[in-house]
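Residue-level listing of the chains:
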Amino acid sequence: TTLQRKVRCDETKPECNTCLRRGTKCPGYRPAQSFILHQFDKETERPQLIKEDEERYRYAYQTTPSTSSNISSRNNSSGTLVVQQENTPAETQVPKQVSSIAVDRIQHLGTFIRLYLPRADGPALPPPSALMLALPTMPANSQVLLAAIDALSAAQLAVNDRNRTLVNRSRSMYGTALSQMMKAIQDPVLALKDETLLSTYMLTLYEVFVGVTQGHGFFYHVQGLLHLIRQRGPSSFTTRLSLQIFHAIRYNSLSIGYHMRKASLLDSPEWLAVTARAAKTDPYVALNDICICIPRLLERTDKIGTPDCPPTEIDSVIDDSQKLANRGFEWLSDFEKYGPRYDKVDIASMEAFLEEICADRVFDPVYNFHYFGAGICYMIYWMSMLIMQSNTFKLLRTHRQLEPKQLMVWGRQLSGYADNICKSIPFHCRPQTGYTAKFGSLTPLVVARKFYENAPGMQLKAEWCAKVYVVARVPGLYQEAPVPLEPFKAVQSTVQQGNK
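Quick caveat, the model's predicted, so the values are computed rather than measured. (Residues numbered from 1 in each chain as written. Predicted model: local features only at pLDDT ≥ 70, side-chain atom pairs only at ≥ 80, totals over all residues. Heavy atoms only, no water.)

If you had to explain the nonpolar core to someone new, which residues and values would you point to?
Counting residues in each nonpolar core, the largest one holds 141 residues, and the members touching the most others are F209, F353, Y452 and W464. Broken down by element, this core gets its largest block of residues, 17 residues, from helix α17 (residues 372-399). In this view, F353 contacts I347, C358, I425, P426, C429, W464 and V468; residues no more than four positions away in its chain are not counted. (Core = buried A, V, L, I, M, F, W, Y, C linked by side-chain atoms within 4.5 Å. Buried < 20%, exposed > 50% of the residue type's maximum accessible area, 1.4 Å probe, protein only. Helix = DSSP H or I, 4+ residues; strand = E, 2+ residues; numbered from the N terminus. Contact = heavy atoms within 4.5 Å.)

Dropping the structure here:
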């Protein structure tokens, strides 16, 4: 206004002194600013979201003085607009009109993160969990990522609220996300972007939340992820976001490898080099570097006795298994350098477990871990050691002569791993640890149950595992049929019959 009248404005609030002296109504003024534009796509530009609101600085005399930040940023579907204000008094911004779809997405994403991640202080989250914290900062120009966020957020709400209608709605969103994913992976450029990998990973999580495909959906998504990262190559995973995505994909691949007894490409030296640096400081990464080699041992074990198996393969598998087990023991020794990272407590202290999950005190006391990441590491360690050592014990018992004392030691060791898994379940089923902990404990629980079923005198513990698993999977929400206690049994037959 002062520029139009060719009068200098002193930018006093709520009304400039120039207007007061002249006896006129001050219509406001624009603070001095500099604009930085980044990579705008004119074909997808949304003016109402990224262009400056001309009405924002009018009627400034009606606002109260504000001490807001000197820098504000606004994201849009195709770029970022950063507004840097020079040292001038900031004013309260008038909320701008945002599409209802964007508002719903922000609210649903915030709710998903709040319900999915643990609500506790402690060391950094494991990479797959920390990856979810990056979602609000991701650019909004990836249609497949937006569709995956919508489907997974709706699934999280449906599971938390036991809302069957919302489950059906999330399935519709899931179909949209699948369509967007197909378009993305057919584009040679989009297929190799972090957003495409992250979107596909989120669809694997959807299968965990609302999986009705007997494990096929989860399995095929993981196989698709492995195909995409093979196309990208190890050298492409250098940024923090890409490494977090890689860690998340690797753990899903490990879960498939345990169930299918099949190795993946991620146990090769070139892919282990991707995580070599992080493994020096992050115990979660170091543990997974060890565990990712176990499916290869399981696959080699299944080939023993076949016509193309050399006679020395039995000794080789046993020796390699013992070497890998020693690496696991060393990891645990280093992890517990200053003592165990858990306390033994009464199971009644675990919030709502006896009331809502399982009232049987089969395992009491249970473990209360010092922080969320420690519980995840322990559970992966005990599950992996139970799988590998059970395989080694079977080989020794079949092809070697074990003394009764050795049989007793092996039995006590294996049952100890299974018991430790079950004693960690109540901690991960608490509301404050989020759904990432509850659903993350399902695979170890299945492994422990399978051990108890094949061990004499362990029927009561096997039944406890079955009860906890069924309740944790929210029975009656996904389908009318009972929740399968072996989620990948149908997939196993598909893999065994296939040539790949």
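Now that the structure is up, let's keep going.
Explain the packing of helix α8 (residues 194-210) against helix α10 (residues 240-260) residue by residue, including any values.
Running from N to C, α8 and α10 point in directions that differ by 35 degrees, and their axes come no closer than 10 Å. Considering only the axes of α8 and α10, their crossing is left-handed. In this structure, α8 contributes D194, L197, L198, Y201 and T204 to the contact, and α10 contributes L241, S242, I245, A248, I249 and N252. Looking at the contact of α8 with α10 residue by residue, the classes come out as seven nonpolar, three polar and one charged. (Axes fitted to C-alpha atoms, helices over the stretch in contact; angles between N-to-C directions. Left-handed = near helix turned anticlockwise from the far one by under 90°. Nonpolar A, V, L, I, M, F, W, Y, C, P; charged D, E, K, R; others polar.)

If you had to explain the side chain of Q389 to someone new, which residues and values would you point to?
Relative to the helices and strands, Q389 resides in helix α17. The residues contacting Q389, other than those within four sequence positions of it, are A325, F329, W410, Q413, L414 and Y417.

Describe in detail unusual backbone geometry, supporting the description with residues and values.
Omega for the peptide link from D364 to P365 comes to 10 degrees, which places this bond in the cis form. The residue P365 is located in the loop between α16 (353-357) and β7 (366-369) in this model. The phi dihedral of R162 is positive, around 55 degrees, even though this residue is not glycine. Locating R162 in the fold gives a position in the loop between α6 (143-161) and α7 (164-186). Judged by its relative accessible area of 48%, R162 is partly exposed.

All we've got here are geometric facts, nothing functional implied.
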